[in-house]
Amino acid sequence: MRKIIMAANWKMNKTSTEVNAFLESLKKIELNKEREVVVCPPFLYLPLLKDSGIKYGGQNMHWEEEGAYTGEISANMLKDLGCEYVILGHSERRQYNKETDKKINMKVKQAIKSGLIPIFCLGESEKQQEEGKTQEIIRNQLEKGLKGITDYTSIVVAYEPIWAIGTGKTATPEQAQEVHAEIRKIVGEETSILYGGSVKPDNIKELMEKEDIDGGLIGGASLDPQDFAKIVNF
Ligand code: PGA
């Protein structure tokens with residue numbers, strides 16, 4: 001279902017003490033109840049979110065249900081810990097872990113089968129953007145990553161231009177809207193499409209004013225409870 005979602009992607013950051021401190025601070029701030037707030041910490045810290053009242057999810061999972069996959073985490077394990085969401089196909093995993101569209105597609109299917117909502121990430125590189133290939137890349141990633149998916153209401157899409165992740169360079173609201181509108185043509189009106197890439201308290205409002213931007217996937221700025229709360233309450 002389409003709604004405003006602010007999802008924190010903590011990546012490989014924080015210790016258990018820091019996670020608890022974050023939750024303590026966040027508890028003291030009133031968050032807009034109309035907005036879906038999701039935190040995706042490293043796997044180990046998922047249980048710390050259990051009674052926090054905040055929704056949470058994994059940053060990745062394996063595509064198989066179970067078995068001999070040393071070091072991996074399954075969709076059912078995430079469900080078991082109370083996760084509602086899972087980030088899939090993040091560009092850092094595509095780049096450093098060589099995740100292909102095909103593998104990501106298998107993960108998306110497994111997540112849905114297990115009752116998790118995949119936050120399916122896509123985005124173009126700086127070179128692709130300079131060459132004017134953004135729309136083509138996005139369409140391609142959508143087609144391959146969501147192959148066989150017929151019900152788009154069970155997923156969330158996150159557009160994250162790679163050149164904007166962790167760089168301080170945000171896509172302009174117009175640039176983001178253009179891509180979101182293209183994604184919307186494929187996934188329809190009932191799917192939340194998030195923007196990610198250097199989202200900060202001072203640029204979220206103008207991004208959210210755009211018709212097809214339904215929220216954010218936030219890295220760096222989500223590590224700080226005050227900044228994250230400002231983004232949620234934009
Ligand atoms: P950033 O990361 O907000 O630090 O740019 C976003 C992401 O990678 O999800």
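Attention here is on the structure that accompanies the text. Per chain, the residues get numbers from 1 upward, laid out in the order the sequence is written. At least 70 in pLDDT is required for a residue's local features to be given in this predicted model, at least 80 for side-chain atom pairs to be given and counted, and no such filter applies to totals for whole chains, interfaces and linings, which use all residues. Hydrogens and water are ignored here; the side-chain numbers use all heavy atoms of the structure.

1. A look at the overall build of the chain
Put simply, DSSP marks the helices as runs of H or I at least four residues long and the strands as runs of E at least two long, and each gets a number from the N terminus on. The helix and strand inventory of the chain stands at nine helices and eight strands. In this description the radius of gyration comes from C-alpha coordinates, and the expected globular size is given by 2.2 Å times residues to the power 0.38. Here the C-alpha radius of gyration of the chain, 16 Å, is about what a compact globule of 234 residues would show, namely 17 Å. Dimensions of the chain, computed from the C-alpha atoms along their principal axes, are close to 45 × 45 × 30 Å. Relative accessibility decides the category of a residue: with a 1.4 Å probe and only protein chains considered, values under 20% of the type maximum give buried, values over 50% give exposed, and everything between is partly exposed. With 234 residues in all, the chain has 50% of them scored as buried. Each accessible area value is a Shrake-Rupley result obtained with a 1.4 Å probe; residue values ignore everything except the protein chains displayed when judging cover. Only carbon and sulfur atoms are counted for the fraction: they give 50% of the accessible area of the chain, which is about 11200 Å². Computing the positive centroid from 31 side-chain charges and the negative centroid from 36, the chain places the two 3 Å apart. The charge count includes Lys and Arg as positive and Asp and Glu as negative, but it does not include His or the ends of the chains. Taken as the charge location is NZ of Lys, CZ of Arg, CG of Asp or CD of Glu.

2. Things to note about the sheet that holds strand β8 (residues 215-218)
Sheet strands line up and pair through hydrogen bonds in the backbone, either parallel or antiparallel. In space, the eight strands of this closed barrel follow the order β1-β2-β3-β4-β5-β6-β7-β8, with parallel pairing throughout. Averaged over all pairs of adjacent strands, the angle between strand axes in this sheet comes to 25°, irrespective of strand direction. Should DSSP find at least two bridges between two strands, the strands are regarded as paired. Sheet topology note: the strand β4 (residues 85-88)/strand β5 (residues 117-122) ladder contains four bridges and is parallel. Within β5, the position partnered with isoleucine 87 by the bridge is isoleucine 119. Any pair of residues with heavy atoms lying within 4.5 Å of one another is described as a contacting pair. Fitted lines through C-alpha atoms serve as axes, helices being fitted only where they are in contact, and the angles separating the N-to-C directions of these axes extend from 0 to 180 degrees. Helix α7 (residues 173-187) contacts β5, β6 (156-159) and β7 (193-196) of the sheet and is inclined by roughly 150° relative to β7.

3. Details of the site of the ligand
Residues in contact with the ligand amount to 13 residues; listed here are only the nearest, Lys11, His90, Glu160, Gly166 and Ser198. One nitrogen or oxygen atom from the side chain of glutamate 160 is found 2.6 Å from an oxygen atom belonging to the ligand. Between glycine 220 and the ligand, the recorded distance is 2.8 Å, taken from a backbone N or O atom to an oxygen atom. In this classification, the charged set is Asp, Glu, Lys and Arg, the nonpolar set is Ala, Val, Leu, Ile, Met, Phe, Trp, Tyr, Cys and Pro, and all remaining amino acids, among them Gly, are polar. Here the shell around the ligand is built from residues that sort into four nonpolar, seven polar and two charged. Proximity criterion: a residue is near a molecule or strand once any of its heavy atoms comes within 4 Å of it. Identification of polar contacts relies on pairs of N or O atoms within 3.5 Å, with a donor-acceptor requirement for protein atoms, meaning one able to donate a hydrogen and the other able to accept it, and with residues adjacent in sequence counted only if both atoms are side-chain atoms.

4. Considerations on helix α9 (residues 225-232)
Each full turn of the α-helix corresponds to 3.6 residues, which orients residues three or four apart in the same direction. Buried residues of α9: Pro225, Phe228, Ala229, Ile231 and Val232, and no others. Here the buried residues of α9 occupy an arc of 160° about the axis, which is enough to place them on one side. Each element contacted by the buried residues of α9 is listed here: β1 (5-9), α1 (16-27), β2 (36-40), α8 (204-208) and β8. By the N-cap criterion, in which a side-chain oxygen at the helix start approaches the backbone nitrogen of a residue two or three places on, α9 is capped by aspartate 224, the distance to glutamine 226 being 3.0 Å. By construction, the arc corresponds to the directions joining the helix axis to the C-beta atoms.

5. Thoughts on the pattern of salt bridges
By convention in these notes, a salt bridge is any Lys or Arg side-chain nitrogen within 4 Å of a carboxyl oxygen on Asp or Glu. In total, this model carries 21 salt bridges according to the counting rule given. Salt-bridge contacts for aspartate 214 lead to arginine 2; the nearest nitrogen and oxygen are separated by 3.0 Å. Of this pair, aspartate 214 sits in the loop between α8 and β8 while arginine 2 sits in the segment before β1; the two residues are 212 residues apart in sequence, bridging distant segments of the chain. Residues lysine 210 and glutamate 174 are paired through a salt bridge, measuring 3.3 Å at the closest nitrogen-oxygen approach. In this pair, lysine 210 is assigned in the loop between α8 and β8 and glutamate 174 in helix α7, connecting sequence segments 36 residues apart.

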